[in-house]
Amino acid sequence: MTIKTDTKGAASLPLNQILAGDCIEIMNSLPEGSVDLIFADPPYNLQLKGDLHRPDNSRVDAVDDHWDQFDSFAAYDRFTQDWLTAARRLLKPHGAIWVIGSYHNIFRVGAAMQNAGFWLLNDVVWRKSNPMPNFRGKRFTNAHETMIWASKSEGAKYTFNYEALKSLNEGVQMRSDWVLPICTGHERLKDDNGDKAHPTQKPESLLHRVLVGSTNPGDVVLDPFFGTGTTGAVAKMLGREYIGIEREDAYRRVAEKRLANTRKFDREALQVSASKRAEPRIPFGQLVERGMLRPGEELWSMNGRFKAKVRADGTLIGDDIKGSIHQVGAHLEGAPSCNGWTYWCFRRDGQTIPIDLLRQQIRAEMENGPT
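Residues numbered from 1 in each chain as written. Predicted model: local features only at pLDDT ≥ 70, side-chain atom pairs only at ≥ 80, totals over all residues. Heavy atoms only, no water.

Under the annotation held in an unreviewed UniProt entry, the protein carries the name Methyltransferase and is attributed to Seohaeicola saemankumensis. In UniProt, the protein has this text filed under Sequence similarities (unreviewed entry): "Belongs to the N(4)/N(6)-methyltransferase family." Its UniProt record, at the heading Catalytic activity (unreviewed entry), says of the protein: "a 2'-deoxyadenosine in DNA + S-adenosyl-L-methionine = an N(6)-methyl-2'-deoxyadenosine in DNA + S-adenosyl-L-homocysteine + H(+)". (UniProt positions renumbered as here; feature names shortened; annotations may be inferred.)

A. Main features of the sheet that holds strand E11 (residues 316-317). The sheet built from six strands is open, its strands ordered E12-E11-E10-E9-E13-E14 with antiparallel pairing. Each edge of the open sheet is held by one strand with a lone partner, namely strand E12 (322-323) and strand E14 (351-354). (Pairing = 2+ DSSP bridges. Helix = DSSP H or I, 4+ residues; strand = E, 2+ residues; numbered from the N terminus.)

B. View of the side chain of Glu145. Inspection of the secondary structure puts Glu145 in strand E5 (residues 144-151). For Glu145, the side chain forms a polar contact with the side chain of Tyr44, separated by 2.5 Å. Setting aside residues no more than four positions away along its own chain, Glu145 makes contact with Tyr44, Ile100, Gly101, Val124, Val125, Trp126, Lys128 and Lys202. (Polar contact = N/O pair within 3.5 Å; in protein donor to acceptor, adjacent residues only side chain to side chain. Contact = heavy atoms within 4.5 Å.)

C. Region of interest: the sheet that holds E5. What the eight strands build is an open sheet, ordered E1-E8-E7-E2-E3-E5-E4-E6; its pairing is mixed. Looking at strand neighbours, the two that pair on one side only are strand E1 (17-20) and strand E6 (177-180), the edges of this open sheet. The average angle at which neighbouring strand axes cross in this sheet is 20°, direction not considered. The pairing of strand E7 (residues 220-223) with strand E8 (residues 241-246) spans four bridges and is parallel. If you follow Asp223 over to E8, its bridge partner there is Gly244. Contacts from helix H6 (residues 230-237) reach strand E2 (35-40), E7 and E8 within the one sheet, and its direction differs from that of E8 by about 170°. Of the strands in this sheet, E1 and E8 touch helix H7 (residues 249-260), which is tilted by about 170° from E1. (Axes fitted to C-alpha atoms, helices over the stretch in contact; angles between N-to-C directions.)

D. Region of interest: the confidence of the model for the protein. Averaged over the protein, the pLDDT score is 86; the fraction of residues at 70 or greater is 88%. Throughout residues 1-11 the model reports pLDDT below 50, and contacts reaching past four residues in sequence, or to other chains, amount to 15 contacts. For the stretch residues 48-56, pLDDT sits under 50, and the model shows 17 contacts to residues farther than four places along the chain or on other chains. (pLDDT = per-residue confidence, 0-100.)

E. Fine view of the nonpolar core. Trp98, Met147, Trp178, Leu206, Val210 and Leu211 are the most contacted members of the largest nonpolar core, which totals 33 residues. With five residues, helix H5 (residues 204-214) is the single largest residue contributor to this core. Aside from chain neighbours lying at most four places away, what touches Trp98 is Leu37, Ile38, Phe39, Ala40, Val124, Met147, Ile148, Trp149, Trp178, Val210 and Ser214. By size, the runner-up hydrophobic cluster in this structure holds 31 residues, among which are Leu91, Ile106, Phe118 and Phe225. (Core = buried A, V, L, I, M, F, W, Y, C linked by side-chain atoms within 4.5 Å. Buried < 20%, exposed > 50% of the residue type's maximum accessible area, 1.4 Å probe, protein only.)

F. The pairing of strand E4 (residues 119-128), seen in detail. Pairing of E4 with E5 involves eight bridges; the strand directions are antiparallel. Of the residues in E5, the one forming a bridge with Arg127 is His144. Note: E4 against E6, four bridges, orientation parallel. Across the sheet, Lys128 pairs through a bridge with Leu180, a residue of E6.

G. Structural detail: helix H9 (residues 325-333). Taken as a whole, H9 has its buried residues at Ile325, Val328, Gly329, Ala330 and Leu332. If you follow the buried residues of H9, they end up packed against helix H8 (284-289), strand E10 (307-310), E11, E12, helix H10 (340-343) and strand E13 (344-348). Just beyond H9, the residue with positive phi is Gly334, at close to 65°.

Written as structure tokens, this is what we have:
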């Protein structure tokens, strides 16, 4: 692997590439504080003892690859500590990390994350709508995996696109239990022999939700256990930059072919719903300054019961009250508070128009320039 250097001698980021080799060594070679998000799907250390068979005695293609095998829990813990330390070094101050695992490893990983200085934000349960049955019939069917979402440190201003996730969920706040199917059918990648290319390939729907919810277009997303490239494919489609690390040649070949056939969505399609709090603050007085509303002009409550006059300083005056659009509205309604932007309207050519439309017009000009 060759990493280019800039004029100052610092290593530049190998964006939109799959790097071959050990994830810890490669992460330690990349610039500190350069990544916005890490999605990690580390070995689960399943501790399988012998083959697993279905009731008809056919063998289950379970995870028995060498990369998932460790000599002891202590060896797995050392590996976990080392890659988490390297990952935290790479994150920007307000970066975040997602780690996915099963009951075999996720509790050990979670403790290691806290010990490494990460600040846990949520654990999210991915409930599989089509899980593999428990063929032995001696335990519950393993129908979920757990993801831990954490910021780099306590108090970090991590990305959380709350409104976008709410929109994905038909206007209802997104919960921490996600019902999504495992990879089947056309999404399940195959190798040249027609077999599963990877035993634990994650569905694109899972990464879509993670990246829409916790990154923005242009962010750098690193996956240190890249596998067949689900993280990279979804990042590319959503206009994020990706860096993949994968030591297995067979997985890299599949991922490279997959990414070559992946296309980025158009710019307009990448826009997501934003929180009202994230939008630029527009003082009501700016509407008066710009002549969109005139001093002395009357505003009417949305229910038509009350009216007030606009004053030159951007306040309102009613029969027995003066103050901001919020204060006057709350007083007239006898309410503890009032959103004046949605409460007051003005009249033009016989039509009643919410003042919030004027605010949105100013915001649109700020974003796109005047029309």
